[in-house]
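# Fold and geometry: a report
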Amino acid sequence: MANEATLHKDSPLWGGGRQPLGVSYGKQMMWFFLLSDALSFSGFLTAMGLYRFKYEETWPVAENVFTHFPFMHGDAPLLFVALMTFILILSSVTMVLAVNAGHHMNRKGVILWMGLTIIGGFMFLGSQAWEWYHFISGDKGAMKMEDSTILYFSDMEGKIVTLHELVDGTPGAHGEHYYFTTEQVREAFTANGEVTLRNPGKTEETYSREEALAMMSNAEVVQGASLTENEYGHVLFADFFFFVTGFHGTHVLSGVILNIIIFINVIMGTYDKRGHYEMIEKVGLYWHFVDLVWVFVFTFFYLV
Amino acid sequence: MSNHPKLPSEHHESPEGTWWIWKVFIILLVVTTVEVVLGIIKPAPLMTQLLGTSILNIIFIVLTLLKAFYIVAEFMHLKYERSNFIWTITLPMVILIPYLTFIVLTEGGYMNVFE
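Nothing here was measured: the structure is a model prediction, and the numbers come from that model.

## Side note on the overall build of chain A
When helices and strands are counted, chain A shows 11 helices and 5 strands. A compact globule built from 304 residues should have a C-alpha radius of gyration of about 19 Å, whereas chain A, at 26 Å, is more than 25% larger. Expressed along its principal axes, the backbone C-alpha trace of chain A runs to roughly 90 × 35 × 25 Å. Looking at the 304 residues of chain A, the share that counts as buried comes to 40%.

Shown next as structure tokens:
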């Protein structure tokens, strides 16, 4: 140690021999970045939890919101997010395999597994775009009361009735989005004695027909979701949905971009020249973190 | 040059071959499937209230932490790092995240901003 200190006396870099934590500077800093990022995400999810407890009656139940699955008819809650989770876990696996190939200085292996990881990343982003599209376009439609509370149409037992079923009498073609005016809906509601209003929350509390009729006179139709309006329930649900899944999606996007840059470097032989493939481990850490965050988003957005 | 700071990390061996990667994949897959199935059927006995939420939600959170453990320990390789580094990363997490959650949920209870 003493010799080394003398040797590196004029160098601004640390020349202290063994790395105290056993990891290189780059890897350590990636870990510290991920640590701070983990705290940001826990902040978002905790804030969501707080509002969820606060607005329990009008906080939507995820099964009533995310019901679509491509090419499938009828309600298929949770299936699409399960598929998205599967895609992300699988791309995490291919990333570990790329790191593993890097340890063996196996360039072809790294190219194969990193390539698959990038494809997985694009598949996830595509799925998310699809889900956002359906979330924004709307599904069943609902009414906004005078005090901006959202109420669903339902039968007397609390089973949700969609706007299309109410106005047209039929469920409507799958995957299509129909839009109705407030007058159309109010007229259909007045004519149909079997339909009432209910809270979107998990209590599924329904209103009596008389109460519902009185409330309907000042209510307006809401279809789809934005930052200011949300047919699924409390508007903060939509805000948190856009913000949390959007922030996660931004992480996935930057992960894909980082992966592509490193992928090009691998093809050009940069890491063979450098003598090690540690860069794959660093982007790998970031990629696994994206998967890790999704595991929590999946639980707190869709399951709990 | 063996002490040059740009050299890669000391290599702590994970198990040989790739079988352990597929093992972790199977675990993650099975746990996710269990979560999805429970989430769809929502078995009535698990809807009993416990600690302010349902037993089912507690199961979901435990399974999520289990998945998180496997991702961090195996995929992110943290299990095979030196123990001082493991503590450097995990201690802030296990202290700060529960603290954050606790303080927001308890103090947030007084908040009536929109009423």
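## Quick notes on the overall build of chain B
Scanning chain B from terminus to terminus reveals 3 helices and 2 strands. Counting only residues that meet the buried cut, chain B has 18% of its 115 residues in that class. Across chain B, contacts joining residues at least 24 apart in sequence account for 50% of those joining residues at least 6 apart.

## Observations concerning the packing of helix 2 (residues 25–54) of chain A against helix 9 (residues 235–268) of chain A
Residue and element names in this part refer to chain A. Following both chains from N to C, one finds helix 2 and helix 9 inclined at 165°, their axes separated by 11 Å at the closest point. Taken together, the axes of helix 2 and helix 9 lie roughly antiparallel to each other. In the packing of helix 2 onto helix 9, the handedness of the crossing is left-handed. On helix 9, the residues that touch Phe44, Leu45, Met48 and Tyr51 of helix 2 are Leu236, Phe240, Phe243, Val244 and Phe247. For the contact of helix 2 with helix 9, the residue count by class is 9 nonpolar, no polar and no charged.

## Some details on the interface of chain A and chain B
You'll often see interface size given as the accessible area lost when the parts meet. On the chain B side, the residues contacting the 44 residues of chain A number 41 residues. Secondary structure elements with two or more residues in the side of chain A that touches chain B: helix 2, helix 4 (79–103) and helix 11 (278–303) of chain A. With 12 residues, the single largest contributor to the side of chain A that touches chain B is helix 2 of chain A. Taken together, the residues that form the side of chain A that touches chain B break down as 25 nonpolar, 15 polar and 4 charged.

## Concerning helix 3 (residues 83–107) of chain B
In an α-helix, one turn spans 3.6 residues; hence positions three or four apart end up facing the same way. Relative to the 36 Å expected for 25 residues at 1.5 Å per residue, helix 3 of chain B spans 35 Å between its end C-alpha atoms, a close match to the ideal helical length. When the local axis directions of helix 3 of chain B are compared, the greatest deviation, roughly 30°, occurs at threonine 90 of chain B, which is followed within four positions by the proline proline 92 of chain B.

## A look at the packing of helix 4 of chain A against helix 1 (residues 19–41) of chain B
Relative to each other, helix 4 of chain A and helix 1 of chain B sit at 170°, their axes nearing to 10 Å. In terms of orientation, helix 4 of chain A and helix 1 of chain B fall into the roughly antiparallel class. Two secondary-structure elements touch here, helix 4 of chain A through Ala82, Thr85, Phe86, Ile89, Val93, Val96, Leu97 and Asn100 of chain A and helix 1 of chain B through Ile21, Phe25, Leu28, Leu29, Thr32 and Val36 of chain B. Considered class by class, the residues forming the contact of helix 4 of chain A with helix 1 of chain B number 11 nonpolar, 3 polar and no charged.

## A look at the environment of glutamate 57 of chain A
All names here are of chain A. Within the fold, glutamate 57 resides in the loop between helix 2 and helix 3 (62–65). Here glutamate 57 falls in the partly exposed class, since 14 other C-beta atoms lie within 10 Å of it. Glutamate 57 sits 79 residues away from isoleucine 136 along the chain, and the two C-alpha atoms are 22 Å apart. In this structure, glutamate 57 is in contact with Asn199, Gly201 and Thr203, ignoring residues within four places of it in sequence.

## Some points on the environment of proline 70 of chain A
Residues and elements named next belong to chain A. Relative to the elements of secondary structure, proline 70 occurs in the loop between helix 3 and helix 4. The exposed category is assigned to proline 70, around which 12 C-beta atoms lie within 10 Å. When the C-alpha positions of proline 70 and histidine 104 are compared, they lie 40 Å apart, and in sequence the two are 34 residues distant.

## Section: the environment of tyrosine 55 of chain A
Residue and element names in this part refer to chain A. Considering the arrangement of structural elements, one finds tyrosine 55 in the loop between helix 2 and helix 3. With 18 C-beta atoms counted inside 10 Å, the residue tyrosine 55 sits in the partly exposed group. With 198 residues separating them along the chain, tyrosine 55 and leucine 253 place their C-alpha atoms 32 Å apart. The contacts of tyrosine 55, once residues within four sequence positions are left out, are His234 and Leu236.

## Here's the deal with unusual backbone geometry
Note: most residues except glycine have negative phi, and most peptide bonds are trans. Non-glycine residue serine 148 of chain A carries a positive phi angle of around 70°. Tracing the chain through its elements places serine 148 of chain A in the loop between strand 1 (142–144) and strand 2 (150–155). Residues other than glycine seldom take positive phi values, yet lysine 42 of chain B does so here, at roughly 40°. Its place among the elements puts lysine 42 of chain B in the loop between helix 1 and strand 1 (49–50).

## Digging into the confidence of the model for chain B
Interpretation of this model should avoid reading the predicted coordinates in detail wherever pLDDT is low. Residues and elements named next belong to chain B. With 83% of its residues at a pLDDT of at least 70, chain B reaches an overall mean of 83. Counting contacts from residues 1–6, a segment whose pLDDT is below 50, to residues more than four positions away or on other chains yields 6 contacts. The complex model carries a pTM of 0.87, and its ipTM stands at 0.85.

## Structural notes on the confidence of the model for chain A
Residues and elements named next belong to chain A. Averaged over every residue, the pLDDT of chain A is 86; residues scoring 70 or more account for 92%. Mean pLDDT values for the elements of chain A range from 46 in helix 1 (residues 2–7) up to 95 in helix 9. Every residue in residues 1–8 scores below 50 in pLDDT, and together they form 6 contacts with partners more than four places removed in sequence or on other chains.

Parameters at a glance
Residues numbered from 1 in each chain as written. Chains lettered and ligands numbered in written order. Predicted model: local features only at pLDDT ≥ 70, side-chain atom pairs only at ≥ 80, totals over all residues. Helix = DSSP H or I, 4+ residues; strand = E, 2+ residues; numbered from the N terminus. Rg over C-alpha atoms; globule rule 2.2 N^0.38 Å. Buried ≥ 20, exposed ≤ 12 C-beta atoms within 10 Å, placed from the backbone. Contact = placed C-beta atoms within 7 Å. Axes fitted to C-alpha atoms, helices over the stretch in contact; angles between N-to-C directions. Parallel < 35°, antiparallel > 145°, perpendicular 65-115°, else oblique. Left-handed = near helix turned anticlockwise from the far one by under 90°. Nonpolar A, V, L, I, M, F, W, Y, C, P; charged D, E, K, R; others polar. Expected span 1.5 Å × (residues − 1). Bend = angle between axes of the 7 residues up to and from the residue. pLDDT = per-residue confidence, 0-100.

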